[in-house]
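# A structural walkthrough
Here is how the chains run, residue by residue.
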Amino acid sequence: MQYKPFIKEKTIMTNIKERKNWIDWMKAVGMLMIVWGHCFPDGGVSEFLYAFNVPLFFIISGYLTRRETSMAVCRDKCLHNLVIPYFILSLIKVAGFILKHLDDGLWAWSLFGVTFGFHSINGASGCGNLWFVYALIVIKLIFQVFVRGNRSMLAVCVLSLCGAVAYNYFHVEMAWGVADAMLALPFFMLGNLGSSVLKEPFNTFVGNMRRTSTATRWCMVAALAAATYIIGIYNGEASMFMGQYGNSLAVFITGAVTGSLAILILSVLLDKVRLSVVSVISAGSIVILEFHREFLHPVMKLIGKLAPPTWQEVILTFALSLAATLAFVPIIMILKRYFPIVFGRRAQNIRL
């Protein structure tokens, strides 16, 4: 029996009409940056990508999140949009590992990792890249329970950052979504500020960007990207799946903001360009997030054997990342038709 999200048809049509094209562009470009980052290109590009690609998605998630009228509503949305897709996709991802390790007990560690949000644990595969979703579930629940206004939001952010600093200071190395949430939560709150407290200034900024000349906007994107590149080189690679922010938390936050701002301006620049594949990638990003490495590995091995110059490797890995991201469009459409439960209520937004 086909899964049907618990939402009225009228509400579905309203949500589709109200979708912001620049948000879809931000998510699509951001997903491309994550896929490219997992190619680990040389020349400082990897450090540049890791400076902002994951924080960007937490900022977007915060922007799209509202405090629900009750905890019951929050639980319902988290269950259908995050929890159910998380467990289905994670278990599909680790199924091969579990079958391979039925005799040595690692299968149990793998199930433990999926259940409790570990990227990997004790040599066993866990939830993989869906640590992001696990962390997001934790953050959304914290937001619903503890955030009642600006002061409580600030207090939660300060406590979260203190936890992230302590985590790095004591060199705790757990690829755990709950620990990662400490570092990610302030970015989520920043995005939420953009749609609540700072809604008018933010909308004014977006409006001004639309009225600014195309050449000026491209220059702004280039300048912000260059600043983020320099920050990434200085700060080192920030491995958020390990709760790590590089050499300096302040520098990391700065790079995350400049990089995300560059993607925002680029997305507003592309706002008038409406491509159905962009909305499909945006709405189906959870599938791309979990399985894109399966597309990358064979070609990355070939690139490694060829050992091209750095500039050629950067171009090749970008082209590979773009091809891998686009390759998911038909996969997402098939899943939306026959297995929409993996997208939760986002399935309503997947259409060509």
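The structure contained in this document is the topic of the report that follows. (Residues numbered from 1 in each chain as written. Predicted model: local features only at pLDDT ≥ 70, side-chain atom pairs only at ≥ 80, totals over all residues. Heavy atoms only, no water.)

With phi around 55 degrees, histidine 171 is a residue other than glycine that occupies positive phi space. Mapped onto the fold, histidine 171 is located in the loop between helix H8 (150-169) and helix H9 (177-195). Its identity as a non-glycine residue notwithstanding, alanine 307 has a phi of 50 degrees, on the positive side. (Helix = DSSP H or I, 4+ residues; strand = E, 2+ residues; numbered from the N terminus.)

Now for empty space enclosed by the protein. Summed over all chains, the structure comprises one cavity of 30 Å³ or more. Taken as a whole, the largest cavity holds about 30 Å³ of empty space. Among the secondary structure elements, those contributing two or more residues to the lining of the largest cavity are helix H3 (45-50) and helix H11 (214-235). For the lining of the largest cavity, the element with the most residues is H11, which contributes three residues. (1 Å grid on protein atoms, 1.4 Å probe; cavity = no way out; pocket = protein on both sides within 12 Å on 5 of 7 lines; lining within 4 Å. Points joined across faces, edges and corners; volume = space filled by probe spheres on them.)

To continue, consider the pattern of salt bridges. Enumeration over the complete set of coordinates arrives at four salt bridges. For the salt bridge of arginine 210 with aspartate 271, the shortest nitrogen-to-oxygen distance reads 3.2 Å. In this pair, arginine 210 is assigned in helix H10 (residues 199-211) and aspartate 271 in the loop between helix H12 (249-269) and helix H13 (276-283), connecting sequence segments 61 residues apart. With relative accessibility at 13%, the residue aspartate 271 sits in the buried group. (Salt bridge = Lys/Arg side-chain N within 4 Å of Asp/Glu carboxyl O. Buried < 20%, exposed > 50% of the residue type's maximum accessible area, 1.4 Å probe, protein only.)

Moving on, we come to the packing of aromatic side chains. Within this structure, the stated rule accounts for 21 aromatic pairs. Considering the side-chain rings of tyrosine 169 and phenylalanine 170, the 5.1 Å spacing of their centres and the 90 degrees angle between planes classify their relative orientation as edge-to-face. The burial state of tyrosine 169 is the same as that of phenylalanine 170; both residues are exposed. Aromatic side chains phenylalanine 295 and phenylalanine 328 sit 4.7 Å apart centroid to centroid with 45 degrees between the ring planes, which places their arrangement in the tilted category. Of this pair, phenylalanine 295 sits in helix H14 (residues 285-306) while phenylalanine 328 sits in helix H15 (residues 310-338), placing them 33 residues apart in sequence. Given a relative accessible area of 33%, phenylalanine 295 falls into the partly exposed group. Ring pairing ties together the aromatic residues Trp109, Phe112, Phe116, Phe118 and Trp176, which thus form one cluster. (Phe/Tyr/Trp six-rings, centres within 6.5 Å; stacked < 30°, edge-to-face > 60°.)

On their own, these measurements won't tell you what the molecule is for.
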